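Structure at a glance
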Amino acid sequence: MTTGEKASPRFVLPAVADNPSGWGPSAVPEELSHVPYAPYSKSDRLGKIADWTAPADGTGYNDRRFGGENDRRRRFGAQGQEAFGSGLTSLFAYTVAAEDEATFSVVDRQATVQKKPGFKSQRGGRGGGRGGAWTPGGRGGAQVGGRRDDRRGQHPGGPRRRYGGYNDKPARIRDASVQAGAEWKVVEELDFPRMNKLYYEVDEGQDISAHGVFNFIDKSFDRINTKQEKPLQLSDRNFLNVTASDDPVLVNHAKSAADGFTVYATDNVLATLMCATRSVYSWDIIINKQDNKLFLDKRDGGAFDYVSVNENAADPPMESTEKDNINTPQALAVEATYINRNFSQQVLKESERVSLSHANPFDDGNPADPLPSLAYRYRKWNLGNDVTLVARTQLDAALHAPGSNSSHATGALKLKDAPCPASDTLFVNVRALNEFDSRAPGSGGAPEWRQKLDSQRGAVMATEIKNNGNKLSRWAMESILSGADQLRVGFVSRATPKDRSRHVILGTTTFKPKDLASQMNFNQGNAWGILKMFVDLCANTLEDGKYVLVKDPNKALLRLYSVPDDTFEEDDEAADQGGDREDAE
């Protein structure tokens, strides 16, 4: 290059520091050695270099208004992911020197007013007080007094909490109707979701025989209302609920039964099993299988001998340690059973009584223990695959209905010395709903019958269907099995809420059993499907022996146990000995 020529620029490569262990500089200059460094993600939205107004929890501009990480977590559910570099944010936090902090203090020169003991008065505002105080009251329970605090979702007492919600209810642990022994073995578990999908149709049952003596309905009870209530009277009758294996008619039929698999049961046991998916309380059925015979029995003193109250309510009656509490589930069940037995006899005419072709199989002729008015109707159904169901059903009364053109009172149900033609006679089952205390816990939000029964009977009945769905379904199914034309339901209430010994009849209503089932959305095909499934399970899977089917008290399933042959026999012997001592006295 000559001296006259201009010097051209030269390209010099800069020094490149290679960091084989990761990203970033391999060496830090001395003047930057005390500056903290934190990694960051390119997706983070950078706000200000220094923001002294941001909250101390690190949210700042990384909130939903700017589409930051918190907003992404909220929308996409990535709660377990940690923000890139979030563990190093504490390096930039300003720490106050201990000496400066020790010398700093705040002096409040405002005069304070000493609070007087007692309750705080509430004036005016809807929110339950003035000045934004957190006080109970106002509409809807406890609320924030000031509107500003309510809008911000905060109050001086801390984060708001929803009172009286579902999560605040104590967990209810119910006991099983029978405790499983050490030798009991679980054979099968049947859950309700699968049982709800079953369906089966059967033909109308055929009559085998009819037994008993029963009375006609007194129609004057149809005119009872809340202003003309009638006291409930005590009926001195010996009510029996004999199980299938102790029924002489069913036992004789089993001895002479032809080939094929035969199931023997009573209507209340069958109805409980067919309505199992609506049950909440625990119950149990004893199953005895011998050759091609299957008996479904109940235990004496078990759930089948009592009537439940508000079993399906959102807040059913609770157990109590108080001995004088008359609103526990057991106390209400005993009271409801007492009401049903006496009501079923009070609505009858003593002067109009008819008898069937056969005598009551449980009548020993003792005038000291008269039996109630009822008839037993033995029927059979064909369940397919050479399986027959034979059941004892019950009819409570007859009804004179001119022009009904009924054909039921013929054949095995032909009446003797009937006061009206057979074509004008209907068969009726009688039940009673009871009210204990509309303000007590466990009432299920039922309206007070004395105020609403006459004007809003539909609303009262709808509440009863909601709170007693299982009981009403069983009553409807029992009436369908027995072939009853009507189901008469009485409304019986306590004379005073604190006295369970005196009751009054406030009214009655009448249903056709199938119409009541439809009103409750009760599927008869599903009920027969549940029974068909269980019978097939017993016929094809179980060996000869003794079994117990138990409704789990806290879960929606049934458990089938295999038990020793002498299970419950000691209890039966003790009950028989107790009955013999009472007879001797």
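This structure is a prediction, so every number in the text was calculated from the model and none was measured.

Bringing the overall build of the protein chain into the picture now. Looking only at helices and strands, the protein chain features 13 helices and 19 strands. When the 585 residues of the protein chain are sorted by exposure, 41% land in the buried category. Long-range pairs, those at least 24 residues apart, make up 71% of the contacts in the protein chain with a sequence separation of at least 6. Surface summary for the protein chain: the accessible area is close to 35600 Å², and the carbon and sulfur share equals 49%.

Turning our eyes to something else, we now look at helix H7 (residues 329-346). Each full turn of the α-helix corresponds to 3.6 residues, which orients residues three or four apart in the same direction. The terminal C-alpha atoms of H7, which comprises 18 residues, lie 26 Å apart, in line with the 26 Å expected from a rise of 1.5 Å per residue. The buried count for H7 comes to 14 of 18 residues, which makes it a mostly enclosed element.

Okay, the packing of aromatic side chains next. In total, this model carries seven aromatic pairs according to the counting rule given. A centroid spacing of 5.4 Å and a plane angle of 90 degrees characterise the contact between Trp449 and Phe491, whose relative ring orientation is edge-to-face. Pair noted here: Trp449 is in helix H8 (residues 449-452) and Phe491 is in strand S16 (residues 486-496), with a separation of 42 residues, a long-range link. Exposure remark for Trp449: the relative accessible area of 1% places this residue in the buried category.

Structurally, the position occupied by Gln486 is in strand S16. On the accessibility criterion, Gln486 (15% relative accessible area) is buried. In this structure, the C-alpha to C-alpha distance between Gln486 and Phe427, residues 59 residues apart in sequence, is 6.7 Å. Residue contacts for Gln486: discarding those within four places in its chain leaves Leu399, Leu426, Phe427, Val428, Asn429, Thr510, Phe511 and Pro513.

Bringing the nonpolar core into the picture now. Counting 42 residues, the largest nonpolar core has Leu296 and Met477 as the members making the most contacts within it. Per-element tally for this core: the top contributor is helix H12 (residues 524-540), with eight residues. Look past the residues within four positions of Met477 in its chain and what remains in contact with it is Ala271, Met274, Cys275, Phe522, Ala527 and Trp528. Judged by nonpolar contacts, the second largest core, of 23 residues, contains Ala336, Ile465, Leu506 and Met520.

Note that Asp284 resides in strand S9 (residues 284-290). Given a relative accessible area of 2%, Asp284 falls into the buried group. Within polar-contact distance, the side chain of Asp284 engages the side chain of Ser177 at 2.7 Å. Here Arg299 takes part through its side chain, which lies 2.7 Å from a polar atom of the side chain of Asp284. Not counting chain neighbours up to four residues away, the residues in contact with Asp284 comprise Ser177, Val178, Arg299, Phe304, Val548, Leu549 and Val550.

Enumeration over the complete set of coordinates arrives at 20 salt bridges. We note a salt bridge from Arg431 to Glu478, for which the minimum N-O separation is 3.0 Å. Of this pair, Arg431 sits in strand S15 (residues 425-435) while Glu478 is found in helix H10 (residues 469-482), placing the two residues 47 residues apart along the sequence. The exposure class of Arg431 is buried, given its relative accessible area of 11%. The partner of Asp499 in a salt bridge is Arg502, and the shortest N-O contact between them spans 3.1 Å. Note on Asp499: relative accessible area 21%, which makes it partly exposed. Sharing partners across several salt bridges, the network here consists of Glu204, Asp207, Arg377 and Arg379.

Conventions we followed
- Residues numbered from 1 in each chain as written.
- Predicted model: local features only at pLDDT ≥ 70, side-chain atom pairs only at ≥ 80, totals over all residues.
- Heavy atoms only, no water.
- Helix = DSSP H or I, 4+ residues; strand = E, 2+ residues; numbered from the N terminus.
- Buried < 20%, exposed > 50% of the residue type's maximum accessible area, 1.4 Å probe, protein only.
- Contact = heavy atoms within 4.5 Å.
- Areas by Shrake-Rupley, 256 points an atom, 1.4 Å probe, with all protein chains shown as cover.
- Expected span 1.5 Å × (residues − 1).
- Phe/Tyr/Trp six-rings, centres within 6.5 Å; stacked < 30°, edge-to-face > 60°.
- Core = buried A, V, L, I, M, F, W, Y, C linked by side-chain atoms within 4.5 Å.
- Polar contact = N/O pair within 3.5 Å; in protein donor to acceptor, adjacent residues only side chain to side chain.
- Salt bridge = Lys/Arg side-chain N within 4 Å of Asp/Glu carboxyl O.

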